[in-house]
Amino acid sequence: MYLSEPKTLSTPRGTFTWREGGDPSGAPVVMIHGWPESSYCWEHTGRHLKEGLRVIAPDLRGLGDSERTEGQQHYMKQALAEDVVSMLDELGIGEFQLVGHDWGGIVAQEVALAIPGRIQKMVIMNIAIINNLKGNMEVIEKVRSGSGKAYWYQHFQQAPGLAEAMIPGNEDTWIRFFVNGVVKPIPEDAVAEYVRMYSIPGTPGAGASYYRAFKEDAKRWATLSGHKWKIPSLYIYGNKDKVIIPEYLNHIEDCFEEIRVEQVDAGHFLQEEKPEEVAGHMNGFFDAR
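Each residue is numbered by its place in its chain's sequence as written, counting from 1. The model is predicted, so local features are restricted to residues of pLDDT at least 70 and side-chain atom pairs to those at 80 or more, both for listing and for counting; the totals for chains, interfaces and linings are taken over all residues. The basis for every side-chain value is the complete set of heavy atoms in the structure, and neither hydrogens nor water enter the calculation.

1. Overview of the overall build of the chain
In step 1: Across its full length, the chain carries 12 helices and 8 strands.
In step 2: For the radius of gyration, the atom set is restricted to C-alpha positions; the globular benchmark scales as 2.2 Å times the number of residues to the power 0.38. Radius of gyration (C-alpha) of the chain: 17 Å, near the 19 Å computed for a compact globule of 289 residues.
In step 3: Contact definition: two residues touch when any of their heavy atoms are within 4.5 Å. Sequence-distant contacts in the chain: of pairs separated by 6 or more residues, those separated by 24 or more amount to 77%.
In step 4: In this tally, Asp and Glu contribute negative charge and Lys and Arg positive charge; neither His nor the terminal groups of the chain are included. To locate a charge, take NZ of a lysine, CZ of an arginine, CG of an aspartate or CD of a glutamate. The positive charge centre, built from 29 side chains, and the negative charge centre, built from 40, are 3 Å apart in the chain. The helix and strand labels rest on DSSP assignments: H or I over at least four residues marks a helix, E over at least two residues marks a strand, and numbering proceeds from the N terminus.

This is the structure:
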């Protein structure tokens, strides 16, 4: 095992869990998971990271073993970023390097907006860049020109009460439908962990709230077209993703002062399909000590 068992942390914003791995005196790397996963999603990638890094992997509110909270306002990505910052403050983490995948990539960007001076480098994986309004609009136009069937699960979860009524008792089927791998299977230990996590009471509603909050999130991001990231950044893209399609990369260079894009032959959950390759890109980018 690379990552520790979940540890509990209470902050003014609530009670959360987190895992850590690597060198306790190494350079901090904060790794934020997406949906429908938990901090465990970094377990296999972490085994291939170079020495001199200390991985800190929080469980976001409503997922992993962190608290389940009712009310979609708690799942706006700016609010989730505030949760993460409160955890880092409680842990005494000053400057750090940052990674985010899926919704965790959005939360990572919100963290970078909130405390830019503390973030040394940023890695985003298979999610939209929130200030890339031009590229994201091209995605919308592309999706509207087709069936959009790959996005059914988002509409399903946005419908009031459906997730809460239909997922309990079907967690194994629900999770396996999404984390099935495209090029290589997702490790079975990871799948079992997400099934366990999704079986915790309140998780279907909390997970759905990530999507129910999206409309309000989008209003906020629409104000960011003039923002340009000054943090040196790396975008690692699993190029077989059917949801985060290639058009998400359009105009990405305009959103950063310094950005490198690396592609991996994998689907959406690239860090679990190709953990060694993903870790290799991170190792070439991160500073260790």
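Moving on from the coordinates now.
2. Thoughts on the packing of aromatic side chains
One pair of aromatic rings is described through two measures. These are the centre distance and the angle between the planes.
In step 1: Pairing of aromatic side chains here covers Phe, Tyr and the six-membered ring of Trp, requires ring centres within 6.5 Å, and sorts the geometry by plane angle: under 30 degrees stacked, over 60 edge-to-face, intermediate tilted. If you walk through the whole model with that rule in mind, you get 21 aromatic pairs.
In step 2: With 5.5 Å between their ring centres and 50 degrees between their planes, Tyr 75 and Tyr 210 make a pair best called tilted. Here Tyr 75 is found in the loop between strand 4 (53–58) and helix 2 (77–91), whereas its partner Tyr 210 is found in helix 9 (residues 203–212), with 135 residues between them in sequence. There is no split in this pair, since Tyr 75 and Tyr 210 are both buried.
In step 3: Aromatic side chains Tyr 153 and Tyr 211 sit 5.8 Å apart centroid to centroid with 85 degrees between the ring planes, which places their arrangement in the edge-to-face category. In this pair, Tyr 153 sits in helix 5 (residues 152–158) while Tyr 211 sits in helix 9, placing the two residues 58 residues apart along the sequence.
In step 4: Burial here depends on accessible area, computed with a 1.4 Å probe over protein chains only, as a share of the maximum for the residue type. Under 20% is buried, over 50% is exposed, and the range in between is partly exposed. Tyr 153 gets classed as buried once you look at its relative accessible area, which sits at 9%.
In step 5: On the accessibility criterion, Tyr 211 (4% relative accessible area) is buried.
In step 6: Put simply, the rings of Trp 35, Trp 103, Trp 152, Tyr 153, Phe 156, Trp 174, Phe 177, Phe 178, Tyr 211, Phe 214 and Trp 221 pair up and form one aromatic cluster.
In step 7: Think of it as a cone above the ring: NZ of Lys or CZ of Arg counts as a charge over the ring if it is within 6 Å of the ring centre and within 35 degrees of the ring normal. Positioned above the aromatic ring of Trp 103 is the side chain of Lys 77, whose terminal nitrogen or guanidinium carbon lies 4.3 Å from the ring centre.
In step 8: Between the NZ or CZ atom of Lys 121 and the centre of the ring of Phe 285, over which it lies, the distance is 4.9 Å.

3. Topic: the packing of helix 3 (residues 103–114) against helix 10 (residues 214–221)
In step 1: An axis is simply a line fitted to the C-alpha atoms; with a helix, the fit covers only the stretch in contact. Between two such axes, the angle follows the N-to-C directions and lies from 0 to 180 degrees. With their axes 13 Å apart at the nearest point, helix 3 and helix 10 run at an angle of 40 degrees to one another. Relative to helix 10, the element helix 3 is oriented oblique. With respect to the hand of their crossing, helix 3 and helix 10 are arranged in left-handed fashion. Contacts from Trp 103, Ile 106, Glu 110 and Leu 113 of helix 3 reach helix 10 at Phe 214, Arg 220 and Trp 221. The labels follow the angle: roughly parallel below 35 degrees, roughly antiparallel above 145, roughly perpendicular from 65 to 115, and oblique for the rest. By convention the crossing between two helices is left-handed if the near helix lies anticlockwise of the far one by an angle smaller than a right angle, and right-handed if it lies clockwise.

4. So, the side chain of Asp 59
In step 1: Structurally, the position occupied by Asp 59 is in the loop between strand 4 and helix 2.
In step 2: We note that Asp 59 is buried and unpaired, the nearest opposite charge coming from Arg 19 at a distance of 4.2 Å.
In step 3: As used in this structure description, the phrase polar contact means that two N or O atoms lie within 3.5 Å; if the pair is within protein, one of them must be able to donate a hydrogen and the other to accept it, and residues adjacent in sequence are counted only when both atoms belong to side chains. A distance of 3.1 Å separates the side chain of Asp 59 from the backbone nitrogen of Asp 65, its partner in a polar contact.
In step 4: Filtering out sequence-adjacent residues up to four positions away, Asp 59 remains in contact with Phe 16, Thr 17, Trp 18, Arg 19, His 33, Ser 38, Ser 39, Gly 64, Asp 65 and Ser 66. Salt bridge, as applied in this entry: a Lys or Arg side-chain nitrogen positioned within 4 Å of an Asp or Glu carboxyl oxygen.

5. Regarding the environment of Arg 61
In step 1: Position of Arg 61 among the secondary structure elements: in the loop between strand 4 and helix 2.
In step 2: Of the residues examined, Arg 61 reaches a relative accessible area of 3% and is grouped as buried.
In step 3: Each C-alpha atom, one on Arg 61 and one on Arg 13, is 10 Å from the other, the two residues being 48 residues apart in sequence.
In step 4: Apart from residues lying up to four places away in sequence, Arg 61 is in contact with Arg 13, Phe 16, Ser 66, Glu 67, Thr 69, His 74, Tyr 75, Leu 80, Asp 83 and Tyr 210.
In step 5: At 2.9 Å, the side chain of Arg 61 forms a polar contact with the side chain of Thr 69.
In step 6: Of the polar contacts made by the side chain of Arg 61, one reaches the side chain of Asp 83; its length is 2.9 Å.

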